[in-house]
Amino acid sequence: MNRRYRKTIIAGNWKMNKTASEAKAFLEELKAQVGRVKWCEVVVCVPFVNIPMARRVLKDCRIAVGAQNVHHEQSGAYTGEVSAEMLKDLGVKYVIIGHSERRQYFGETDALVNRKVHAALNAGLRPIVCVGESLEQREAGITNELVTMQVKAALAGVTVDKVRQIVFAYEPIWAIGTGKTATAEQANEICELIRATIRKIYGARIARAITIQYGGSMNAKNAFELLAQPDVDGGLIGGASLKVPDFTAIVNAANQE
Ligand code: PEP
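Thresholds, definitions, all that
- Residues numbered from 1 in each chain as written.
- Predicted model: local features only at pLDDT ≥ 70, side-chain atom pairs only at ≥ 80, totals over all residues.
- Heavy atoms only, no water.
- Core = buried A, V, L, I, M, F, W, Y, C linked by side-chain atoms within 4.5 Å.
- Buried < 20%, exposed > 50% of the residue type's maximum accessible area, 1.4 Å probe, protein only.
- Helix = DSSP H or I, 4+ residues; strand = E, 2+ residues; numbered from the N terminus.
- Contact = heavy atoms within 4.5 Å.
- Near = heavy atom within 4 Å.
- Polar contact = N/O pair within 3.5 Å; in protein donor to acceptor, adjacent residues only side chain to side chain.
- Areas by Shrake-Rupley, 256 points an atom, 1.4 Å probe, with all protein chains shown as cover.
- Nonpolar A, V, L, I, M, F, W, Y, C, P; charged D, E, K, R; others polar.
- Phe/Tyr/Trp six-rings, centres within 6.5 Å; stacked < 30°, edge-to-face > 60°.
- Lys NZ or Arg CZ within 6 Å of the ring centre and 35° of its normal.

Student: In this structure, what is going on with the nonpolar core? I would like to understand it.
Tutor: As a rule of thumb, soluble globular proteins bury nonpolar side chains together. Leu27, Phe168, Ile194 and Ile198 are the most contacted members of the largest nonpolar core, which has 74 residues in total. Counting residues per element, this core draws most heavily on helix 9 (residues 184-202), at eight residues. Residues contacting Ile194, with those up to four places away along its chain left out, are Val131, Val147, Val151, Phe168, Tyr170 and Ile212. Ranked by size, the runner-up nonpolar core spans twelve residues in total, among them Ala11, Ala64, Val167 and Leu236.

So this is what it looks like as structure tokens:
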């Protein structure tokens, strides 16, 4: 973390979990635990159907609501999809884009990720753009090349005035939901690479100001060490964001003055 230049953001990705009643009880408890934290931003990326309720429960605290996906067009005949404008209208602040599960199970490409980034930015949402390599890609030694390419593709056509709204999440696919975590050094190395890629396009001042999270089996035990790395500015948390004590412990690890 480097609080001098950028915000630390801890975001929970609930994926397809929790009914509305389960979510309400969870959020009331979470609000009591971390609703007033000062030194980091806390976000819960809930399923679409839970967004209005989440906004109601969290309206008088500092926890922001995020979505897990968005369509790239503004409106139209796209059955089952949700636009950036619809999310913005509900008070959503962040949206996860290009999660590896979306890339893997729903065929999302770098080009589509870029279109979604533009849609989100145009509607005033902050994209959390996920990048990261599979185990085969890491073993083949192409992690740096791949992540650099994903970052450049996501940023294509994004102007200097809008790029600061973007958050990147380095999520090695082999660490997601597997209980295997990247070492603090591995996480920092790739977060640093992402920042260097941004620096080459937009310059040092902007690169310094961008929040870059790590995601992949972050939990109450390893959060402190990962967040202590200079280029790791927060976490995108899956499994551990579904339990109040675990998520609270991660937020507390990030909420350092
Ligand atoms: C994720 O899905 O973004 C994630 C990081 O999941 P987990 O924390 O469960 O590995």
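Back to the write-up after that little detour.
Student: What is the right way to look at the site of the ligand in this model?
Tutor: As a matter of local geometry, the ligand sits amid 14 residues, with Lys15, His99, Glu171, Gly177 and Ser217 nearest to it. Here an oxygen atom of the ligand sits 2.6 Å away from a polar atom, N or O, in the side chain of Lys15. Between the ligand and Glu171, the relevant distance is 2.7 Å, taken from an oxygen atom to a side-chain nitrogen or oxygen of the residue. Coverage of the ligand by the protein amounts to 96% of the 290 Å² it exposes when considered alone. Tallied by class, the residues present in the shell around the ligand amount to four nonpolar, eight polar and two charged.

Student: Is there a simple way to explain the packing of aromatic side chains in this structure?
Tutor: Pairs of aromatic rings are described using the distance from one ring centre to the other and the angle between the two planes. Under the counting rule described, the total for this entry stands at two aromatic pairs. Consider the rings of Trp14 and Phe26, whose centres lie 5.1 Å apart with planes at 85°: the pair is edge-to-face. Note that Trp14 is positioned in the loop between strand 1 (9-13) and helix 1 (20-34) and Phe26 in helix 1, a separation of twelve residues in sequence. Taking relative accessible area as the criterion, Phe26 reaches 6% and is therefore assigned buried. The ring of Trp14 carries the charged tip of Lys18 above its face, separated from the ring centre by 5.7 Å.

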